[in-house]
Amino acid sequence: MPEIADDEPPSVEELARHQRAGLAWVAVDADDLPVGYLVAEPVDGNLHVEQVSVHPRAARRGVGRQLIERLAAHATASGVPALTLTTFTDVPWNAPYYSRCGFVVLDERELPPGLAAIRAREAAHGLDRWPRVCMRRDL
């Protein structure tokens, strides 16, 4: 999936928008250097994981899971009932990983309007060349 790897990261403006909304978190290493981040947005009354990324040097150390758990704690404290995300089904660090984090696959035919709109944007961006799903984790 080289097209995905070559995709531009979110702009500083976009990341700042998430930060101002209180929906951006950064994980740092022992030297206080960033090793991962998560940004979310409200969608359909839930918090939607827009992006979670971990630097390869920090992979397989629980950084992604810690970021997801931080979002879950924030959502619970805010009275939000669930987390959602969209992801690739056949990439081991995507859908299988999120399943281990408590997310379940949603039926594409029964998506709420916000998730349906996200999936439509993803398809227009060409992401449906690879199998994708919406997932939800009830809190």
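Refer to the structure presented above.
Note that this is a predicted model, so its numbers are computed, not measured. (Residues numbered from 1 in each chain as written. Predicted model: local features only at pLDDT ≥ 70, side-chain atom pairs only at ≥ 80, totals over all residues. Heavy atoms only, no water.)

**As for the pattern of salt bridges**
As a reminder of what qualifies: Each salt bridge in this description consists of a side-chain nitrogen of Lys or Arg and a carboxyl oxygen of Asp or Glu lying within 4 Å of one another. Numbering of helices and strands runs from the N terminus, with a helix taken as a DSSP run of H or I at least four residues long and a strand as a DSSP run of E at least two residues long. With a 1.4 Å probe rolled over the protein chains alone, any residue whose accessible area is under 20% of its type maximum counts as buried; one over 50% counts as exposed, and the rest are partly exposed.
Under the criterion given, the structure shown has 7 salt bridges. Close ionic contact of Glu-122 with Arg-119 constitutes a salt bridge, the shortest N to O distance being 3.0 Å. One end of the pair is Glu-122 and the other is Arg-119, both in helix α5 (residues 113-124) and 3 residues apart, which spans about a single turn. In this pair, the class of Glu-122 matches that of Arg-119, namely buried. Close ionic contact of Asp-138 with Arg-136 constitutes a salt bridge, the shortest N to O distance being 2.5 Å. The exposed category is assigned to Asp-138, whose relative accessible area is 54%. For Arg-136, a relative accessible area of 27% puts it in the partly exposed group. Taken together, the salt bridges that share partners define one network made up of Glu-108, Arg-119, Glu-122 and Arg-132.

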